[in-house]
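A look at the structure
Chain residues, written in single-letter form:
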Amino acid sequence: MRILMTNWIYFPEFSGAALQAHRLALQLTKMGIRVEVLTGTDNAELVGKSVVDGISVIRVLRNKSSRFSHLKFGWNIFGFIAKNKSRYDLLHSHGFHAPVNLASMFTGIPLVQKITNLNVDDPLTIRGRRYGFFRLNLFQNARAIIATSQLLEDTCNFVLRGKNDTIRIPNGVNTQEFRPATQQQKTCLREKLLLPQDKIVLLTVGTVSYIKGLDRLLKALNKLQERIDKKFMLVVLGPLETRQAFRRTDPKVDFYVENMHEMISAFGLQQAVRFEGNRSNVHEYMKAADLFIHPSRQEGQPNALLEAMACGLTSVAHLIPGITDEIIQNGKFGFIVDCDDTESFAAALKVLINNPRLRSRIAE
């Protein structure tokens, strides 16, 4: 079997979908399947062929500086598949990419399409966009559609009316890497990562952007520091910038990050918040932390939340109906809160910080 995976970006560039695709590619390779990856990149230096952990990766420049340049990116993706159609038995798209669906129709190579995010590439959202009828026809060309949650599966069944095979497959976690640590291992990891032994370590993972909701968490911590005696530190893992094209950063993300730093100063949280940037050893931080917090506004199925729970890390997540409440049963496997309600958010954090026995029970 010869599979060509496609994605908007690919490891080591950062996104949950990119990490999930890479882990799947590695596992398929172990099974004797030949996997190649076709992906976009905003970094001109990465364009071309490379090998990542034994996986052949072809990167095409994604230039969004003009409509013509953006169309050129799509044409290059389509052209590569059409030109190399004899090399592949199957296309596997992580997210909806119209040029890939069009190439599947043109070449006859069957396509398995994964939905990565609610309100981004589910069929209801696709139908509501410009040229939605055309886009939805392309979407329906997929031989099978993978939905990671019940909500996404129900959305597919409602919009597509059974015309496509929709298969529900939750995101996978490498439980050899993401697993609980002993107290001794936790102490050693804190020494290695330069994390304080005498503070409650809170952890959040994701690009520092509006969608990931760090602003909500900082507001809750501002309330929290007035109400508890215990010292805490928030560790933020994830990029503080994203690229658009030719090394230009996204001004919206830059503005958001600047606001976060101003908010930290205004709240007096300079000694309580630490930005670690993009890290490859996320599992070590999860094993070293006391509490995982996921205030994200939008998800498909959050990998970081699954990984934190696999590490036995008690978690608090924002309520995204049909997404996070499918993973966490409130009070049993963690806490689901409305992170826009700062009082409730801070109250949930206070209960868990002040109650190590409750954290331990939930973790187990």
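Higher on the page you've got the structure.
Notes on the structure follow. (Residues numbered from 1 in each chain as written. Predicted model: local features only at pLDDT ≥ 70, side-chain atom pairs only at ≥ 80, totals over all residues. Heavy atoms only, no water.)

A few words now on the packing of aromatic side chains. In this structure the tally under the stated criterion is five aromatic pairs. An angle of 85° between the planes, with centres 6.5 Å apart, marks the rings of Tyr210 and Tyr256 as edge-to-face. Taken as a pair, Tyr210 in the loop between strand 9 (200-205) and helix 8 (214-224) and Tyr256 in helix 9 (residues 251-267) lie far apart in primary sequence, 46 residues in all. One aromatic cluster in this structure is built from Trp75, Phe78 and Phe106. The side chain of Arg161 reaches across the aromatic face of Phe158, ending 5.9 Å from its centre. Over the ring of Tyr210 we find Arg297, and its NZ or CZ is 3.8 Å from the ring centre. (Phe/Tyr/Trp six-rings, centres within 6.5 Å; stacked < 30°, edge-to-face > 60°. Helix = DSSP H or I, 4+ residues; strand = E, 2+ residues; numbered from the N terminus. Lys NZ or Arg CZ within 6 Å of the ring centre and 35° of its normal.)

Time to look at the packing of helix 8 against helix 13 (residues 342-354). It is at 8 Å that the axes of helix 8 and helix 13 come closest, and there the two elements cross at 65°. Between helix 8 and helix 13 lies a crossing of right-handed hand. Across the interface between the two elements, Arg216, Leu217, Lys219, Ala220, Leu221, Lys223 and Leu224 from helix 8 touch Thr342, Glu343, Phe345, Ala346, Leu349, Lys350 and Ile353 from helix 13. By residue class, the composition of the contact of helix 8 with helix 13 is eight nonpolar, one polar and five charged. (Axes fitted to C-alpha atoms, helices over the stretch in contact; angles between N-to-C directions. Left-handed = near helix turned anticlockwise from the far one by under 90°. Contact = heavy atoms within 4.5 Å. Nonpolar A, V, L, I, M, F, W, Y, C, P; charged D, E, K, R; others polar.)

What follows concerns the sheet that holds strand 7 (residues 144-147). A sheet is described by the order of its strands in space; here eight strands give the open sequence 3-4-2-1-5-6-7-8, paired in mixed fashion. At either end of the open sheet lies a strand with only one pairing partner, and these are strand 3 (48-52) and strand 8 (165-168). Strand-to-strand, the axes of this sheet are offset by a mean angle of 25°, without reference to chain direction. Where strand 7 meets strand 8, four bridges bridge the pair, whose relative direction is parallel. Residue pairing for strand 8: Ala147 is matched across the bridge by Arg168. Here helix 3 (residues 98-107) sits on the sheet in contact with strand 1 (2-7), strand 5 (90-94) and strand 6 (111-114), set at roughly 160° to strand 6. (Pairing = 2+ DSSP bridges.)

Another point: the pairing of strand 14 (residues 291-294). Two faces make up the sheet, and in a regular strand the side chains alternate between them. Burial along strand 14 is two-sided: the residues Leu291 and Ile293 and Phe292 and His294 are all buried. Across two bridges, the pairing between strand 9 and strand 14 is parallel. Within the sheet, the bridge partner assigned to Leu203 lies in strand 14 and is Phe292. With three bridges joining them, strand 14 and strand 15 (residues 315-318) adopt parallel strand pairing. Each residue of the ladder has a partner; that of Ile293, found in strand 15, is Val316. Handedness of the crossover joining strand 14 and strand 15 through helix 11 (residues 303-310) is recorded here as right-handed. (Buried < 20%, exposed > 50% of the residue type's maximum accessible area, 1.4 Å probe, protein only. Right-handed = clockwise from strand over helix to strand, strands pointing away.)

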